[in-house]
Amino acid sequence: MSIQKIYQYPDSVLRKKSEKIATFDNGLAKLVEDMAETMYDAPGIGLAAPQIGKSIKLIVVDISEDQEGEKKYMPLINPEIINHEGTQLDEEGCLSVPELTANVKRNLKVTVAYQDLQGQAHELSTEDRFAVVLQHEIDHLNGILFIDHLSPLKRSLYKKKVKKWLAK
Ligand code: NI
């Protein structure tokens, strides 16, 4: 296993639309392990393949029962939101968008269709915080960052901050 580099805004790899995964082999399983290790090292609760520079439809999300116990995660391959309901507002941050958290409006409940590491198709319905994580990570597969959901004013303030850091 190895920790991967996490690409950060404004890197263009974060804006690419990702490709569907068709091969379910050891390479994919190894990539999932690397992503989980990278996510927990950061630390984060979700990671999408584009964040480590791979434009493919793969996300890894934390499903640990509690903070102290054993870490559990699941990979979702080719995930797609097939149903959504209601709205919620919750604070989000992103390993690819440093030094910023903000409230984002999301759906309250989502149903996600995805495949597991063996290529088996599944559906998952969830709500609240876990629904936010899934929407955030699936956005990454479409080149969308949580800052895209903020007001133009908030977004431009953040862009200015990043420009200043990069100039240093
Ligand atoms: Ni993110």
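The sections below set out a description of the structure shown in this document. Quantities reported herein were computed from a predicted structural model and do not represent experimental measurements.

A separate point is the overall build of the chain. Each helix and strand counted, the chain has 3 helices and 7 strands in total. When the helices and strands of the chain are listed from N to C terminus, the series reads α-β-β-β-β-β-β-β-α-α. What you see for the chain is a C-alpha radius of gyration of 16 Å, in line with the 15 Å of a compact globule of 168 residues. Each of the three principal axes of the chain carries a C-alpha extent, and together these read 45 × 35 × 35 Å. Expressed as a percentage of its 168 residues, the buried residues of the chain come to 42%. Long-range contacts, defined here as pairs at least 24 residues apart, represent 63% of the contacts in the chain between residues at least 6 apart. Element-wise, carbon and sulfur atoms account for 49% of the exposed surface of the chain, whose accessible area totals about 9,400 Å². The average position of the 22 basic charges and that of the 25 acidic charges among the side chains of the chain differ by 12 Å.

This model, assessed by the stated rule, comprises 3 aromatic pairs. One aromatic cluster in this structure is built from Tyr 9, Tyr 158 and Trp 165.

Moving on: the environment of Lys 71. Along the chain, Lys 71 turns up in the loop between strand 2 (58–62) and strand 3 (73–85). Sequence-wise, Lys 71 and Ala 36 are 35 residues apart; in three dimensions their C-alpha atoms are separated by 9.7 Å. Residue contacts for Lys 71: discarding those within four places in its chain leaves Tyr 40, Asp 62 and Ser 64.

We now examine the coordination of the nickel ion. Note on the nickel ion: its protein donors are Cys 94 (SG), His 136 (NE2) and His 140 (NE2). The metal-donor distances range over 2.1 to 2.2 Å. Motif for the nickel ion, donor spacing along one chain: C-x41-H-x3-H. On the criterion of sequence distance, the pair formed by Cys 94 in strand 4 (residues 88–94) and His 136 in helix 2 (residues 128–141) is long-range, its members being 42 residues apart. In this pair, the class of Cys 94 matches that of His 136, namely buried.

To continue, consider the sheet that holds strand 2. With antiparallel pairing, the 5 strands of this open sheet are ordered in space as 1-2-3-6-7. Each edge of the open sheet is held by one strand with a lone partner, namely strand 1 (46–48) and strand 7 (121–127). The sheet shows a mean angle of 40 degrees between the axes of neighbouring strands, direction not considered. Here helix 1 (residues 26–41) sits on the sheet and contacts strand 1, strand 2 and strand 3; the angle it forms with strand 2, its principal contact strand, is near 45 degrees. Contacts from helix 2 reach strand 1, strand 2, strand 3, strand 6 (109–115) and strand 7, with the element oriented near 155 degrees to strand 2.

Rules behind the numbers
Each chain carries its own residue numbering, running from 1 in the direction its sequence is written. Since the coordinates come from a predicted model, pLDDT governs what is reported: local features require at least 70, and pairs of side-chain atoms require 80 or more to be given and counted, while whole-chain, interface and lining totals use all residues. Note: side-chain values were computed over all heavy atoms of the structure, leaving out hydrogens and water. Numbering of helices and strands runs from the N terminus, with a helix taken as a DSSP run of H or I at least four residues long and a strand as a DSSP run of E at least two residues long. In this setup the radius of gyration rests on C-alpha atoms only. A globule is expected at 2.2 Å times the number of residues raised to 0.38. Only protein chains enter the area calculation, which uses a 1.4 Å probe; residues under 20% of their type maximum are buried, those over 50% are exposed, and those in between are partly exposed. Note on contacts: a residue pair qualifies if any of its non-hydrogen atoms lie within 4.5 Å across the two residues. Reported accessibility uses the Shrake-Rupley method at a 1.4 Å probe radius. Residues are deemed covered only where the shown protein chains occlude them. In this tally, Lys and Arg are treated as positive and Asp and Glu as negative; His is ignored, and so are the chain termini. Where a charge lies is defined by one atom per residue type, namely NZ (Lys), CZ (Arg), CG (Asp) and CD (Glu). The criterion for an aromatic pair is that two Phe, Tyr or Trp rings (for Trp, the six-membered ring) have centres within 6.5 Å, with stacked assigned to planes under 30 degrees apart, edge-to-face to planes over 60 apart and tilted to the rest. Donors, by definition, are the N, O and S atoms found within 2.8 Å of a metal, the threshold being 3.2 Å for Na, K and Ca, and water is not counted, so a site can look incomplete. In this description, strands pair whenever DSSP reports at least two bridges between them. To obtain an axis, a line is fitted to C-alpha atoms, over the contacting stretch when the element is a helix, and the angle between two such axes runs from 0 to 180 degrees between their N-to-C directions.

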